[in-house]
Amino acid sequence: MSSIGTFGSYTQARLAIYASQAGLSVTGNNIANINTYGYTRQRLEQSSFYAGGADRYYSSFGARTGNGVLCTGVSQLRDPYLDIRYRSQMSNVGAMDAKLGGLEGIQAILDEVSDGEDGFGIISAQLDKMYDALQQLTDQTGHDVYDTQVRAAADALAKQINSYANRLSELYNNTLAGYKQDVETVNNILSNIRDLNASIRKSEIHGDNALELRDERNLLIDQLSEYMKIDVIYTEEDIGAGQTVEKLTIRLGNANPDADVTTDSTLLVDGTYAAQFSMTQVPQPNPNFDPTKPPNGVDNFQYLKPDGSGTNNANLAQLIDSPNFDLTVSELRDSNGRLLYTMEKGRLETITEADYNASGGKATTVTDPDTNVTTITVFTKSGNQYYKQVYTKTPSAAVALDDNDLYGALQSERELLTEAGEYSTADTIAKIDENAAGKRGIPYYQKALDSLAVQLASAFNAANQGFMRNEKGEYIDKDGKPLILDGTTLTTDIKLTDDQLAYLEANGNKVGFNMFSVRGDTDNAEGITASNISVSATWASGEQIISSFVRPSNQDIATTDSTNILHMVALFTTKMDYLPSAVAPDSSDIPLFNGTFGEMWDNIGSVLGHDMKGTSTLLDNYYAASVTLDTSRDSVSGVDLNDEAMNLMQYSKSYNAACRLMTTLDSLLDKLINGTGITT
């Protein structure tokens, strides 16, 4: 006989109707959310209902059947492996997209093709104008009008360089503001994931899978993966009474190539606890501190206090953002601010009865005031055996990240703010990033523009200053007499010794002035940069540039000779070494570039174009890969109308069949009860 009675068939039909209704409801929900961003397709989980055990009157010749179907829950269709691959790829996309965005900002400033006259760039055009003005001056030596034209061309060139430098500084400030804003965005994402974890955990405890909350959390994790490389781990947390709930943890994704660094796997989210990012704070240095002298409490302070006074105590100094814009990951806290503690259980150790008696059988607690780590020692007794077990309660602590611990949009933005490429100092390469010389951000292009300004100013300032000499090439004093030291006449034909140079400096007729200076109201050329290069005060006041350092014997001053002007003209075609150390102390002495002023300017654009091309190519590749992976994810997790239409028909037919079963059973039962034993 069967294990299911006559009325048990009604249970089969009833459960089948319930299952079909639930299936139709899940299918309808999928169709309703087909256009909902981030929605994951849901599936009804079913299992066969089978009652175990043997019936009292069970016959070995009876067929055992199930008792129907049970709806065990609703699940999501997701592929964890595709999620991992997609999020890893998105960190690549985020990194290259942020970098390309910064380079495009630089390009908008420095790419001046066709912005100048005759299709040339503005800087190139201004260099040509100054060259042409000097060419005209060679034939018109001593005329104020032509000297004024040279001065006007030089002034326009300096102001254009100033403009580019100022715009780069503005871009730098905007990038810094965007970087700080993105740090806050990441903090909000981490806080929202923490809060969603708490809501999902609470729902799971009460039997709800909270699938919609999981969709929202997955979207946030996808967003987070663009900012940094992460590892997402799902585990089961035991909450007691044999019940477990899902626990989500997120760590940094081991992006640092240095295997000895462990901070690149720092914990960001641990269930209902989450960390926050902040700019690493350092004591504000005293700009007047002399490192060649020992710090003292009088006039050589290392740091500045909040009130501006000096101090040598870093704890009393004003804290500012790290110049390298490093990030610190805070301790993990829940939504109420409670700190996360981890408990480590030590091994059970056997102790003597005397040790047990000394403890009184009571647990002891000791907290380290420096680390806040609590050690709990528990003493127990079992028969004649005595034991102790040590538990270590460690609070979550802040972690200062290494230079390369992050990889993604945040890291690219930070490198745009810090990387100076070939202008990186030896200290930066040795202590911060050994690959710094190959990474170029906004500081590189600022320094490259400084190199052009410094080389331009130093070349022309040197050309416009020197010692007068006669037609024979002999250096002369202010009275026109040749300079003779120890019987040797000082001339341009011999290499002067140190003593002879000192004698020339003391007695020679030195003339000229700086053509370029740090400001328009001074002749000081020390510390010239692209942002401050200017026509000097003396030249701006109308003083003519030196046309020649040769004084004819029958004249007091040179008038028609233009050899020095020709020398200045030649500077435009002279190849020069551009040394990083000339603008960035402690950087490389290896020439960054060798060429003319115009070629150096073109080289800046070429380097920028090369950087943009490489970044753009990588971004295209990464983006194409991410689209492919996202399509694969969507094929698994996305709602497909064809599949849902088939499910609708399937559950509809199942529902109709279950109802037909119920009707048939009712007819059979009616016949059994009302028709059995009745004769007609």
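Quick caveat: nothing in here was measured; it's all calculated off a predicted structure.

Colleague: Can you walk me through the overall build of the protein in this structure?
Modeller: Across its full length, the protein holds 14 helices and 26 strands. Against the 2.2 N^0.38 benchmark of 26 Å for 680 residues, the protein shows a C-alpha radius of gyration of 41 Å, more extended than a compact globule. Structurally, the protein occupies a C-alpha span of about 160 × 80 × 40 Å along its principal axes. Put simply, the protein has 680 residues, and 41% of those count as buried. In the protein, once contacts between residues fewer than 6 apart in sequence are set aside, the share between residues at least 24 apart is 64%. Working note: accessible area of the protein is about 36,000 Å², and carbon and sulfur atoms make up 50% of it.

Colleague: Looking at this structure, I do not really get helix 14 (residues 641-675). What am I missing?
Modeller: Turn by turn, an α-helix covers 3.6 residues, leaving residues three or four places apart pointing in a common direction. For helix 14, spanning 35 residues, the distance from its first C-alpha to its last is 49 Å, which sits close to the expected 51 Å at 1.5 Å a residue. Residues of helix 14 that are buried: E644, Y651, A658, L665 and L669. Contacts from the buried residues of helix 14 go to helix 1 (8-32) and strand 1 (42-49).

Colleague: For this particular structure, what's the right way to read the sheet that holds strand 5 (residues 267-270)?
Modeller: Across the sheet, which stays open at both edges, the four strands sit in the order 3-4-5-6 with antiparallel pairing between neighbours. A single partner strand is all that each edge strand has here, and the edge strands are strand 3 (230-240) and strand 6 (273-274). Across two bridges, strand 5 lies against strand 6 in antiparallel orientation. Within strand 6, the position partnered with D270 by the bridge is Y273. Its contacts with the sheet put helix 4 (residues 144-205) on strand 3, strand 4 (243-252), strand 5 and strand 6, and the angle it makes with strand 4 is roughly 170°. Packed on one face of the sheet, helix 5 (residues 211-227) meets strand 3 and strand 4 and runs near 145° to strand 3.

Colleague: How should the side chain of S225 be read in this particular structure?
Modeller: Mapped onto the elements, S225 comes out in helix 5. When its relative accessible area of 0% is taken as the criterion, S225 is described as buried. When sequence neighbours within four positions are dropped, the list of residues in contact with S225 reads R87, M90, S91 and I230.

Colleague: Could you clarify how one ought to interpret the pairing of strand 4 in this entry?
Modeller: Along a regular strand, successive side chains alternate from one face of the sheet to the other. Where strand 3 and strand 4 come together, ten bridges link them in antiparallel fashion. Each bridged residue has a counterpart across the sheet, and for D238 the counterpart in strand 4 is T244. Bridge analysis of strand 4 against strand 5 gives three bridges, and the strand direction is antiparallel. Bridged to I250 within strand 5 is V269.

Colleague: Explanation requested: the pairing of strand 16 (residues 374-382) in the structure shown.
Modeller: Looking at chain direction, strand 15 (residues 364-367) and strand 16 are connected through four bridges and run antiparallel. Bridge assignment links T365 to a residue of strand 16, and that residue is I376. Between the end of strand 15 and the start of strand 16, which pair antiparallel, lie six residues, with N372 showing a positive phi angle near 65°. As paired elements, strand 16 and strand 17 (residues 385-395) share nine bridges and run antiparallel to each other. The residue bridging V378 from the neighbouring strand is Q389, located in strand 17. Linking two consecutive strands that pair antiparallel, namely strand 16 and strand 17, is a turn of two residues; a positive phi of about 65° is found at G383 within it.

Colleague: Mind showing me how you'd approach empty space enclosed by the protein here?
Modeller: Where empty space is left in the structure can be found by rolling a water-sized probe over the atoms. Applying the stated criterion to the full structure yields one cavity of 30 Å³ or more. Estimated volume of the largest cavity: approximately 50 Å³. Y179, F325, D326, L327, L401, D402, D403, D405, L406, Q411 and R414 are the residues that line the largest cavity. Here the residues of the lining of the largest cavity sort into five nonpolar, one polar and five charged.

Colleague: Which parts of the structure should I look at to understand the packing of aromatic side chains?
Modeller: To describe a pair of aromatic rings, one takes the distance between the centres and the angle between the planes. Within this structure, the stated rule accounts for twelve aromatic pairs. The interplanar angle of 90° and the centroid separation of 4.9 Å between the aromatic rings of Y444 and Y445 together place this pair among those described as edge-to-face. The class for Y444 is buried, based on a relative accessible area of 2%. Linked through ring pairs, Y131, F460, F516, W539, F572 and F597 together constitute an aromatic cluster. Taking the ring centre of Y341 as reference, the NZ or CZ of K393 above it sits at 4.7 Å.

Colleague: Looking at this structure, how should I read unusual backbone geometry?
Modeller: Glycine aside, a negative phi is what most residues show, and trans is what most peptide bonds show. The backbone of A241 sits at a positive phi, close to 60°, despite the residue not being glycine. The class for A241 is exposed, based on a relative accessible area of 88%. You will see that D586, though not glycine, has its phi angle at about 70°, which is positive. Topologically, D586 is positioned in the loop between strand 25 (576-578) and strand 26 (593-595).

Colleague: Explain the sheet that holds strand 7 (residues 277-279) to me, please; I cannot follow it from the model alone.
Modeller: In a beta sheet, neighbouring strands pair by backbone hydrogen bonds and run either parallel or antiparallel. Strands sit in the order 7-12-18 across an open sheet of three strands; the sheet is antiparallel. Looking along the sheet, the strands with just one partner apiece sit at the ends: strand 7 and strand 18 (399-400). As paired strands, strand 7 and strand 12 (residues 327-329) are joined by three bridges and run antiparallel to one another. Each bridged residue has a counterpart across the sheet, and for F277 the counterpart in strand 12 is V329. Of the strands in this sheet, strand 7 and strand 12 touch helix 4, which is tilted by about 155° from strand 7.

Colleague: When you look at the nonpolar core in this model, what are you seeing that I'm missing?
Modeller: Most often, soluble globular proteins keep nonpolar side chains buried together rather than apart. Membership of the largest hydrophobic core comes to 110 residues, with the highest contact counts inside it found for M228, F277, F460 and F597. Core analysis: the second largest hydrophobic core is formed by six residues, F467, Y475, L496 and L504 among them.

Colleague: Help me understand the side chain of T138 in this model?
Modeller: Inspection of the secondary structure puts T138 in helix 3 (residues 122-139). Judged by relative accessible area, which is 11%, T138 ranks as buried. In terms of polar contacts, T138 uses its side chain to reach the backbone carbonyl oxygen of Q135, at 2.4 Å. Discounting chain neighbours no more than four positions away, the residues touching T138 are S562, I565, L566 and V569.

Colleague: Explain a negative patch on the surface to me, please; I cannot follow it from the model alone.
Modeller: A surface patch of negative charge is lined by D258, D260, D402 and E434. With respect to the helices and strands, the residue D258 is situated in the loop between strand 4 and strand 5.

Colleague: Explanation requested: the pattern of salt bridges in the structure shown.
Modeller: Pairing is possible between side chains that carry opposite charge, provided their charged atoms lie close to one another. Summed over the entire model, instances satisfying the criterion amount to 29 salt bridges. With a shortest N-O distance of 2.9 Å, R41 and E644 are connected by a salt bridge. Pair noted here: R41 is in the loop between helix 1 and strand 1 and E644 is in helix 14, with a separation of 603 residues, a long-range link. Between D222 and R87 there is a salt bridge, and its shortest N-O distance comes to 2.8 Å. Of this pair, D222 sits in helix 5 while R87 sits in helix 2 (residues 80-110), and the two are 135 residues apart along the sequence. In this pair, the class of D222 matches that of R87, namely buried. Through salt bridges with shared partners, a single ionic network connects R78, D83, R87, D222, D630 and R633.

Conventions adopted
- Residues numbered from 1 in each chain as written.
- Predicted model: local features only at pLDDT ≥ 70, side-chain atom pairs only at ≥ 80, totals over all residues.
- Heavy atoms only, no water.
- Helix = DSSP H or I, 4+ residues; strand = E, 2+ residues; numbered from the N terminus.
- Rg over C-alpha atoms; globule rule 2.2 N^0.38 Å.
- Buried < 20%, exposed > 50% of the residue type's maximum accessible area, 1.4 Å probe, protein only.
- Contact = heavy atoms within 4.5 Å.
- Areas by Shrake-Rupley, 256 points an atom, 1.4 Å probe, with all protein chains shown as cover.
- Expected span 1.5 Å × (residues − 1).
- Pairing = 2+ DSSP bridges.
- Axes fitted to C-alpha atoms, helices over the stretch in contact; angles between N-to-C directions.
- 1 Å grid on protein atoms, 1.4 Å probe; cavity = no way out; pocket = protein on both sides within 12 Å on 5 of 7 lines; lining within 4 Å.
- Points joined across faces, edges and corners; volume = space filled by probe spheres on them.
- Nonpolar A, V, L, I, M, F, W, Y, C, P; charged D, E, K, R; others polar.
- Phe/Tyr/Trp six-rings, centres within 6.5 Å; stacked < 30°, edge-to-face > 60°.
- Lys NZ or Arg CZ within 6 Å of the ring centre and 35° of its normal.
- Core = buried A, V, L, I, M, F, W, Y, C linked by side-chain atoms within 4.5 Å.
- Polar contact = N/O pair within 3.5 Å; in protein donor to acceptor, adjacent residues only side chain to side chain.
- Patch = residues over 30% accessible without salt bridge, like charges linked within 9 Å, V, L, I, M, F, W, Y side chains within 5 Å.
- Salt bridge = Lys/Arg side-chain N within 4 Å of Asp/Glu carboxyl O.
- Lys, Arg positive; Asp, Glu negative; His and termini not counted.
- Charge placed at Lys NZ, Arg CZ, Asp CG, Glu CD.

Nothing here speaks to function; it is geometry throughout.
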